[in-house]
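Fold and contact review
Next come the chains, spelled out residue by residue.
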There are 2 protein chains.
Amino acid sequence: MNRKPPFAPQCPIPATTGDAIELAHGGGGLLTRRLIDGLFRPAFAETADDLTHDGAVFEIDGARLAFSTDSYVVRPLFFPGGDIGTLAVNGTVNDLAMCGAEPLYLSVGLVLEEGFAIADLSRVIASMRQAATAAGVRLVTGDTKVVEHGKGDGLYINTSGVGRLFAAARVAPTRVRPGDVVVLSGDIGRHGMAVMAAREGLGFETPILSDCAPVALAVRQLFEAGIEVHCLRDLTRGGLATALIEIADTGGVGIRLDEAAIAVAEPVRGACEILGLDPLYVANEGRFVAIVPAAAAGQAVDVLRRFGEQVAVIGTVEEGARGATVSLSTIGGSRVLDMLSGEQLPRIC
Amino acid sequence: MNRKPPFAPQCPIPATTGDAIELAHGGGGLLTRRLIDGLFRPAFAETADDLTHDGAVFEIDGARLAFSTDSYVVRPLFFPGGDIGTLAVNGTVNDLAMCGAEPLYLSVGLVLEEGFAIADLSRVIASMRQAATAAGVRLVTGDTKVVEHGKGDGLYINTSGVGRLFAAARVAPTRVRPGDVVVLSGDIGRHGMAVMAAREGLGFETPILSDCAPVALAVRQLFEAGIEVHCLRDLTRGGLATALIEIADTGGVGIRLDEAAIAVAEPVRGACEILGLDPLYVANEGRFVAIVPAAAAGQAVDVLRRFGEQVAVIGTVEEGARGATVSLSTIGGSRVLDMLSGEQLPRIC
């Protein structure tokens, strides 16, 4: 195990200067939120309903649709358990699923750096094809741009997607109610730690594989089981904690988590301890929370267990009187989870 | 007028090595086509109908939709007549229009370089808002990523879009028939030369403004007039010549153009002559061709003249017996137009 501090040289967290973009503006935490609230929301207020959600929903000629976009800048491009191509397909597939939609069609926008190996591009394209087939989506349109050597970093991919909503009712943080429960679809922290290990050349005894996978089929079965799904959120940048803080904030509720119920694999926990990271804030690419009425908790757990073992009810939604907070009950006490103010793991997706 | 050759040092056209990405792979010409045919088409063959078209069309629950994506890497970000934000909205709006669709919803994916000025980002976002309002589309969902200083070039934007098809009949190169005519919506070459002038610091006597503009309303009126539109294509990377070569190739037809009918503004023509560029291959961002039956030519010209003065019938579609070629009749002869094999104007969009 290599114990060198892995962040200092490669990923400095700059001071907030206020007039220039920092890495943390892309981290999904406080600065991302400030950019959205300070710049994007005022500009797009009359056009976008909820810019912090995973996608937009609208109706065209009676068809109820979801639409989502994500750019992928993960480094390195290839990591244990996947690559930027797998990620680009599953990430947008999952964003559509989190809108309560069946993902159908994806677009692919490539920004290539001059000199990038065509053999690597072929590998990534093959991964995208395989991931699309596995998730049941079609890659139907694309675009390729090339920038001069030194003006990119090999390959950036944008995928956008269109899907069909499963249910008439909106799936959104605003539908979350006190008394609802939070169901987590599996253990957390794998993707972030797999990418960190690959990037920093850390040789863990047990290799950590990314959890990168499509969750759309699991989501579909929640709806097919007739469960009243109030909110769905995948646990990407900023991890479980950030996802729940955003939901609590938007929904105006409190969320109380039971730390003992949140599964973290031993190698992930060990790596996090060594690197000084909190697994609650580490990115996942195949995990999500479903917030459902307490009465549907057992049924939701049963459905999700078809897709993974470590499904659990990890918390409950409470009145938001104390402000919209997420608190964590641990052995011997509890603490309030805060939004990350810096960038813990840049370019993890 | 600065007469230094502007391409040599900044934009070398590398030899085709075959194993690494070159700038010309993003130029819209021969290498782009090879990448599509050699790599993307085999991988996505069973999923995508026509990867050389501006977008995909499909039906969801009875709604007939178009879906398109484009990444924008223009340099400089601000140029006479627009900026990367104007371009990112109008470009995708126009791609949807070229599918024969009314553009409705756009997504925005930003890849920002650490250190990029937030004031510049604000300007671009304001441009996007203004362009969206002008084009009648809603910017409904987005994503922001930040890469380390030196791993990007300020700002790259992806926009993807969803629109509603105007007509039941497909708008595609395969519908083009011998006897059809080619209607051009205005003068050509402005966008490419405006960006080149800004990039190279060329001081033309008459400043050239980009033609960047939405063409969706003009397209809508073609359909509302009941014109049987066989094919639409905007004249972006590779210009008028590349667009028509692709249509002729895909449609299996010949296209004969009358050079005298193709409007090129005097400052654009002068700049092209000095730089050794052919305006037929220079990018536009607010011009398109409509290929319609000869009987509808007059009506199509009348409709498009509501939106610009220099609308003209510039050519006719012929049997493709000699191979799918585009030829240009000039005073004293004719020549066959070839696909560009290098990259004439990198990062023009």
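Just so it is clear, the model here is predicted, and its values are computed rather than measured.

1. A few points about the overall build of chain A
Along the backbone of chain A there are eight helices and 14 strands. Computed over the C-alpha atoms, the radius of gyration of chain A is 19 Å, within 12% of the 20 Å expected from 2.2 N^0.38 for a compact globule of 349 residues. Long-range pairs, those at least 24 residues apart, make up 84% of the contacts in chain A with a sequence separation of at least 6. Element-wise, carbon and sulfur atoms account for 51% of the exposed surface of chain A, whose accessible area totals about 12000 Å².

2. Some thoughts on the relation of the copies chain A and chain B
The two copies are related by a screw operation: chain A maps onto chain B through 180° of rotation and 0.0 Å of translation along the axis, at an RMSD of 0.0 Å. Given the turn and translation reported, the copies of this chain are related as if by a two-fold rotation axis. When C-alpha distances to the rotation axis are compared across chain A, the minimum falls at A:Gly152, with a value of 2.3 Å. Same-surface contact between copies: 100% of interface residues of chain A are shared with the interface of chain B.

3. Notes on the sheet that holds strand E11 (residues 288-292) of chain B
Residues and elements named next belong to chain B. A sheet is described by the order of its strands in space; here seven strands give the open sequence E9-E11-E8-E12-E10-E13-E14, paired in mixed fashion. Of all the strands in the sheet, the pair left with one neighbour each is strand E9 (231-234) and strand E14 (333-337). Geometrically, the sheet is characterised by an average inter-axis angle of 25° between neighbouring strands, direction not taken into account. Together, E9 and E11 form the strand contacts of helix H2 (residues 84-98), whose direction differs from that of E9 by roughly 165°.

4. A word on the pattern of salt bridges
Residues and elements named next belong to chain B. Within this structure, the stated rule accounts for 40 salt bridges over all chains. The partner of Lys 145 in a salt bridge is Asp 143, and the shortest N-O contact between them spans 2.9 Å. The exposure class assigned to Asp 143 is buried, which follows from its relative accessible area of 7%. Arg 335 is paired through a salt bridge with Asp 278; the nearest N and O atoms lie 3.2 Å apart. You can see Arg 335 sitting in strand E14 and its partner Asp 278 sitting in the loop between helix H7 (266-275) and E11, a full 57 residues away along the chain.

5. Points about the domain arrangement of chain A
Residue and element names in this part refer to chain A. Considered domain by domain, chain A is made up of domain 1 (49-165) and domain 2 (173-337). Distance between the C-alpha centres of domain 1 and domain 2: 23 Å. Taken together, the 23 residues of domain 1 in the interface contact 25 residues of domain 2. Roughly 2000 Å² is buried in total at the junction of domain 1 and domain 2, and carbon and sulfur atoms are behind 60% of that figure. Taken as a group, Pro 80, Asn 94 and Met 98 account for 28% of the area that domain 1 buries against domain 2, more than any other trio of residues on that side. Applying the counting rule to domain 1 against domain 2 returns one salt bridge.

6. A short note on the interface of chain A and chain B
Chain A puts 79 residues into the contact, and the matching count from chain B is 79 residues. Summing both partners gives a buried area of about 7000 Å² for chain A against chain B, and 63% of it is carried by carbon and sulfur. Considering only the surface of chain A that becomes buried against chain B, A:Ile21, A:Phe67 and A:Lys145 emerge as the three largest contributors, covering 9% of it. Taken together, the links from chain A to chain B amount to twelve salt bridges. A salt bridge links A:Lys145 to B:Asp70; the nearest nitrogen and oxygen atoms lie 3.3 Å apart. In this structure, the connection of chain A to chain B is made through 27 residue pairs in polar contact (both at pLDDT 80 or more). Breaking the side of chain A that touches chain B down by element, the ones donating at least two residues are helix H1 (30-44), strand E1 (56-60), strand E2 (63-72), strand E5 (101-113), helix H3 (118-135), strand E6 (138-147) and strand E7 (155-165) of chain A.

7. Details of unusual backbone geometry
All names here are of chain A. Residue Pro 76 is reached from Arg 75 by a cis peptide bond, and omega for that bond is 0°. Position of Pro 76 among the secondary structure elements: in the loop between E2 and strand E3 (78-79). For Asp 61, which is not glycine, the phi torsion reads 50° and is therefore positive. The residue Asp 61 is located in the loop between E1 and E2 in this model. Of note, Arg 347 is a non-glycine position whose phi angle comes to about 55°, a positive value. Within the element layout of this structure, Arg 347 appears in the segment after strand E14 (333-337). Classification of Arg 347 as buried rests on a relative accessible area of 4%.

8. Points about the environment of B:Arg220
Residues and elements named next belong to chain B. Positionally, Arg 220 belongs in helix H5 (residues 216-224). With 53 residues separating them in the primary sequence, Arg 220 and Ala 167 have C-alpha atoms 10.0 Å apart. Setting aside residues no more than four positions away along its own chain, Arg 220 makes contact with Glu 102 and Phe 166. Polar contacts involving the side chain of Arg 220 include one to the side chain of Glu 102, which spans 2.6 Å.

9. Regarding the environment of B:Leu217
Residue and element names in this part refer to chain B. Relative to the helices and strands, Leu 217 resides in helix H5. Given a relative accessible area of 48%, Leu 217 falls into the partly exposed group. Remark: the alpha-carbon pair of Leu 217 and Gly 136, spanning 81 residues in sequence, is separated by 9.2 Å.

10. Points about the side chain of A:His230
Along the chain, A:His230 turns up in the loop between helix H5 (216-224) and strand E9 (231-234). Within the structure, the side chain of A:His230 is placed 3.4 Å from the backbone oxygen of A:Arg175, a separation counted as a polar contact.

11. What to know about the packing of aromatic side chains
For any pair of aromatic rings, the description rests on two quantities: the centre-to-centre distance and the angle between the ring planes. Considering all chains together, one arrives at seven aromatic pairs over all chains under this definition. Aromatic side chains A:Phe58 and B:Tyr105 sit 3.7 Å apart centroid to centroid with 10° between the ring planes, which places their arrangement in the stacked category. You can see A:Phe58 sitting in strand E1 and its partner B:Tyr105 sitting in strand E5 (residues 101-113), one on each of two chains. Accessibility expressed as a relative area gives 12% for B:Tyr105, which makes it buried. Taken together, a centroid distance of 5.2 Å and an interplanar angle of 25° make the contact between B:Phe166 and B:Phe223 stacked. Residue B:Phe166 is found in the loop between strand E7 (155-165) and strand E8 (181-184), and its partner B:Phe223 is found in helix H5; the two are separated by 57 residues along the sequence. Residue B:Phe223 is classed as buried on the basis of its relative accessible area of 15%. We note A:Arg123 situated over the ring of A:Phe78; from NZ or CZ to the ring centre the distance is 3.7 Å.

Analysis parameters
- Residues numbered from 1 in each chain as written.
- Chains lettered and ligands numbered in written order.
- Predicted model: local features only at pLDDT ≥ 70, side-chain atom pairs only at ≥ 80, totals over all residues.
- Heavy atoms only, no water.
- Helix = DSSP H or I, 4+ residues; strand = E, 2+ residues; numbered from the N terminus.
- Rg over C-alpha atoms; globule rule 2.2 N^0.38 Å.
- Contact = heavy atoms within 4.5 Å.
- Areas by Shrake-Rupley, 256 points an atom, 1.4 Å probe, with all protein chains shown as cover.
- Least-squares fit on C-alpha atoms with pLDDT ≥ 70 in both.
- Pairing = 2+ DSSP bridges.
- Axes fitted to C-alpha atoms, helices over the stretch in contact; angles between N-to-C directions.
- Salt bridge = Lys/Arg side-chain N within 4 Å of Asp/Glu carboxyl O.
- Buried < 20%, exposed > 50% of the residue type's maximum accessible area, 1.4 Å probe, protein only.
- Domains from an automatic or database assignment.
- Buried area = accessible area lost by both parts, 1.4 Å probe.
- Polar contact = N/O pair within 3.5 Å; in protein donor to acceptor, adjacent residues only side chain to side chain.
- Phe/Tyr/Trp six-rings, centres within 6.5 Å; stacked < 30°, edge-to-face > 60°.
- Lys NZ or Arg CZ within 6 Å of the ring centre and 35° of its normal.

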